[in-house]
Amino acid sequence: MNQLLERLGGFCAKRHWVVIIAWVIILGGLLAAKHAFGGNYVNNYNVAGTESQQGLDRLNNTFSDQGGYAGQIVYRAKHGPISADKSAINQTTTNVSKLPHVIKAVSPFSPAGAGAIAPDGKIAYTSVSWTVNPNSLETSYLDKLNKAVAPARKAGLEVEYGNGAGMIGQTSSDRTSEIIGLSCALVLLIFMFGSLIAAAMPLISAVFSVLAGLSLLGLLAAAMTFPTTAPTIATLLGLGVAVDYGLFLVARHREQLDTGMDVRTSARHAEGTSGAAIVVAGSTVVISILGLYIAGVSFVGALGLAAAVVVAVTMLAALTLVPAFMGVAQENVRALRSRLQAHKTGVTTQEEARETAAATARQHEQSAFARWGRKVSEHPWPWAIVSVVVLLVLAIPLLSISLGQPDNGTNPTSESSRRAYDLTTTGFGVGANGPLTVVVQLPKQSAAATSSLLSGMQANISKTKDVVSVTPAAINSVATTAVFNVIPDSRPQATATTNLVRTLRDTVLPKSHVTTYVTGSTAGAVDFTNRITSRLLWLILAVVAIAFVLLTTAFRSVVIATKAAILNLLSIGAAYGVIVAIFQFGWGASLIGLHTTLPIPAYVPMLVFCIVFGLSMDYEVFLLSRVHEAWVMTKDAHRSVAIGIGSTARVITTAAAIMVVVFASFVLNSDPVVKMLAIGMAFAVLIDASLVRMVLVPAVMALLGRRAWWMPRWLEPIVPHLQLEGSVAAGAAVSVPSAAAADAEPSAAAGHSQAGQREPAERRGTGRRRDLDH
């Protein structure tokens, strides 16, 4: 793989304009194709094989008037009783019933609309059902709906759209988040590189790749169903990894230029080393996210596929577009200070770089980060224990996690769906926002027997705890299906409502002589959560196993792979704890624009796990590949940790900071679930890149010593050889300074008292390195 990547990097750097023009053409073509043929994003929470889906299927097949996708148009009289505006509401209902895709619209003043007027006489609603999911309907349809309800608004009524109706024409733009994220990333990159050109390369590549990935996703949406949050999550993740991958390549390239290597050779070797690390890390992210299909829920799997598509495109851009930018930029990637110094002394930048190469290599080992690595390595037990304790404390709220689907009461008050929710709660009680629909498959019997069966069933349900009321039953024309609603005493997302669904199914509804289904959006949300929860453990095991195989292959060590899995689980557990504390407990929720608590959607822990577990591999591969390089050269566990941290910490810290600001910028999104994902992933990356990579990893590596690189002999011939960062001897960018040279520095002398033993070890390491390369 390394040779292929080197050839690719060399070609892109040499034929840079060809590659850049090709990307411009591809991006333009994808954008045009998306505009012409792109599909819509639709939330489909249906879970095949569940009771709620079976009940919905029966309604649609045998009682279509009662099927479809439900919504309400809610009215509130500002002055006097709502009955005074009966004609306006009836006209509105008639107008809505004539809209495309509407199955029926029921006025609260019709016999079929009994119970749709609040006891106080000021609030009422029209029930509407559609043949298609309302959130698939665009803004133009919302304009038609607004015209249809004009009579009610003209009469002075407040009109809001509830449940499915509130999803029509809803679009959100993440442009503000993207601008903030990219601007912060630019500042961080300029601070790191000291060069605007070097800083711009990862950002331009990120913009190209994310736009291309989202355009491709839009085309796929014409043939598949993707959730409305899919492009947001794909953008959130795509921007983060795109900038990071570009940063890794440019940092390696810049480091090699600082040793005097020419541009094309440097681009080639950066591609063969950092590029290989990107392939492994990016593949782990893609495979981990695609593991969401294990959930067995199309909604969750589609979210994973959307993110995986964009990540795959960012990998391709990093491996082709970034080397092309290297070819265009030439030596201008180097820091302005270095170029001015070369100009002042009258030498070429290459000559100046060669003169400072040895000093640069020593700086890695004697940098503040390297000294930190040695400090941790000298006293690993205290650092390891404190780090684990902190992670476990952060994870404590996870023990109280409550999984469920947030209802419209968690939406911002600026949205009509939230205002409709509040009006319904005021007029009919909070449970009216999520009625449970009971579908009965009737046996062949007399009308009297059917009436007796339904009456007894409804009487038993009325006596059940947390039930407010039961609506009259409707029976289809051939007397094969009956349907009625149960109004709970609690809001749709409440645990009590979930328990009521289970109670009705397990103990209240008859099972011996009749088939019943508890369905509707609320029951569907319960089934959705149950299905995902039942698959979560299998997903975790699958992702951990895949990452274990990839890391074992990358580093030829089962110990490294096992350590990475355990530490990643600790950091993700801590991130889960932060999510629960903020969103479920409400700690600091107002700071991110959230004014109510909510349960954690079951797919959020699953999504965060797959994404963060994959992203953590970026830092794991980047750090440990440098540690492994130093270990092969020196055979000194403490020193190799110091060298690895010294040469990568600045890049890892910058990359993590970029991830954090990009993810955190999406907190501006009004969707509580997007806020949750943004906060969860930002904290996970922050914890992983700081506490785990900079404290726990060096401590554990020091404790393991040479055992860290252990591999069972029987696995040696089975596991393929894969060279990663630092394992390509020819043209390596940064040589490890000799132990004697390192010990010449006062700060190093205190930590290494046996310098005389290092020179032979280093020669042995160099010999082994040649064996690995050949």
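Residues numbered from 1 in each chain as written. Predicted model: local features only at pLDDT ≥ 70, side-chain atom pairs only at ≥ 80, totals over all residues. Heavy atoms only, no water.

Undergrad: Outline the overall build of the protein chain, listing residues and values.
TA: Counting its regular elements, the protein chain contains 26 helices and nine strands. When the 774 residues of the protein chain are sorted by exposure, 57% land in the buried category. Sequence separation of 24 or more characterises 79% of the internal contacts of the protein chain that already satisfy a separation of 6 or more. If you sum the accessible surface of the protein chain, you get close to 30800 Å²; carbon and sulfur atoms cover 61% of it. (Helix = DSSP H or I, 4+ residues; strand = E, 2+ residues; numbered from the N terminus. Buried < 20%, exposed > 50% of the residue type's maximum accessible area, 1.4 Å probe, protein only. Contact = heavy atoms within 4.5 Å. Areas by Shrake-Rupley, 256 points an atom, 1.4 Å probe, with all protein chains shown as cover.)

Undergrad: So what's going on with the packing of helix α18 (residues 495–508) against helix α19 (residues 521–555)? Which residues, and what values?
TA: In contact at an axis separation of 10 Å, α18 and α19 are set at 95° when each is read in the N-to-C sense. Viewed along their axes, α18 and α19 adopt a mutual orientation that is roughly perpendicular. Residues Thr497, Thr498, Val501, Arg502 and Arg505 of α18 form the contact with α19, whose own contacting residues are Thr522, Ala523, Val526, Asp527 and Asn530. In terms of residue class, the contact of α18 with α19 is made up of three nonpolar, four polar and three charged. (Axes fitted to C-alpha atoms, helices over the stretch in contact; angles between N-to-C directions. Parallel < 35°, antiparallel > 145°, perpendicular 65-115°, else oblique. Nonpolar A, V, L, I, M, F, W, Y, C, P; charged D, E, K, R; others polar.)

Undergrad: Requested: an account of the packing of aromatic side chains, with residues and values cited.
TA: All told, the structure shown has ten aromatic pairs when counted by the stated rule. Judged by centre distance (5.2 Å) and plane angle (75°), the ring pair of Tyr125 and Phe428 falls under edge-to-face. Of the two residues, Tyr125 sits in strand β3 (residues 123–130) while Phe428 sits in helix α16 (residues 416–428), which places them 303 residues apart along the sequence. According to the relative accessible area criterion, Tyr125 is partly exposed, its value standing at 22%. Each ring, one from Phe528 and one from Tyr603, has its centre 6.1 Å from the other, and the planes form 80°; the classification is edge-to-face. Linking Phe528 in helix α19 with Tyr603 in helix α21 (residues 603–634), this pair joins segments that are 75 residues apart in sequence. Both residues of the pair, Phe528 and Tyr603, count as buried. Among the aromatic residues, those joined into a ring-pair cluster are Tyr45, Phe299, Phe528 and Tyr603. (Phe/Tyr/Trp six-rings, centres within 6.5 Å; stacked < 30°, edge-to-face > 60°.)

Undergrad: Describe in detail the sheet that holds strand β1 (residues 69–76), supporting the description with residues and values.
TA: The four strands lie next to each other as β2-β3-β1-β4, forming an open sheet whose pairing is antiparallel. The sheet is open, and its two edges are formed by β2 (102–106) and β4 (158–163), each paired on a single side. For this sheet, the mean inter-axis angle between neighbouring strands, taken without regard to orientation, is 20°. With four bridges joining them, β2 and β3 adopt antiparallel strand pairing. (Pairing = 2+ DSSP bridges.)

Undergrad: Please give an account of the side chain of Thr481 that cites residues and values.
TA: In this structure, Thr481 sits in strand β8 (residues 481–488). Within polar-contact distance, the side chain of Thr481 engages the side chain of Arg58 at 3.2 Å. (Polar contact = N/O pair within 3.5 Å; in protein donor to acceptor, adjacent residues only side chain to side chain.)

Undergrad: Would you mind going over helix α20 (residues 558–584) in detail, with residue names and values included?
TA: Over its 27 residues, α20 extends 38 Å from the first C-alpha to the last, a length consistent with the 39 Å expected when each residue adds 1.5 Å. Most of α20 is tucked away, with 23 of its 27 residues classed as buried. The backbone nitrogen of Val559 lies 3.3 Å from a side-chain oxygen of the residue at the head of α20, namely Ser557. Of the residues one or two after α20, Gly586 is the one with positive phi, at around 85°. (Expected span 1.5 Å × (residues − 1).)

Undergrad: I'd like a description of the pairing of strand β9 (residues 515–519), backed by residues and values.
TA: Among the five residues of β9, four are classified as buried, and the element is accordingly described as predominantly covered. Here five bridges tie strand β5 (residues 436–441) to β9, and the two strands are oriented antiparallel to one another. When the sheet's bridge partners are listed, Val439 is paired in β9 with Tyr517.

Undergrad: How would you explain the side chain of Ser177 if you had to name every residue and give the values?
TA: As for its position among the elements, Ser177 is in helix α7 (residues 175–193). Overall, the relative accessible area of 3% leaves Ser177 in the buried class. Excluding anything up to four places from it in sequence, Ser177 contacts Ser665, Phe666 and Leu668.

Undergrad: Account for the pattern of salt bridges, with residues named and values stated.
TA: Throughout the structure, instances matching the rule amount to ten salt bridges. A salt bridge links Asp422 to Arg418, with the shortest nitrogen-to-oxygen separation between them at 3.2 Å. Within this pair, Asp422 and its partner Arg418 are both found in helix α16, separated by four residues, close to a single helical turn. In this structure, Glu620 engages Lys563 in a salt bridge whose closest nitrogen and oxygen atoms are separated by 2.8 Å. Taken as a pair, Glu620 in helix α21 and Lys563 in helix α20 lie far apart in primary sequence, 57 residues in all. Its relative accessible area of 1% is what places Glu620 among the buried residues. The structure contains a network of salt bridges with shared partners spanning Lys563, Glu620, Asp688 and Arg693. (Salt bridge = Lys/Arg side-chain N within 4 Å of Asp/Glu carboxyl O.)

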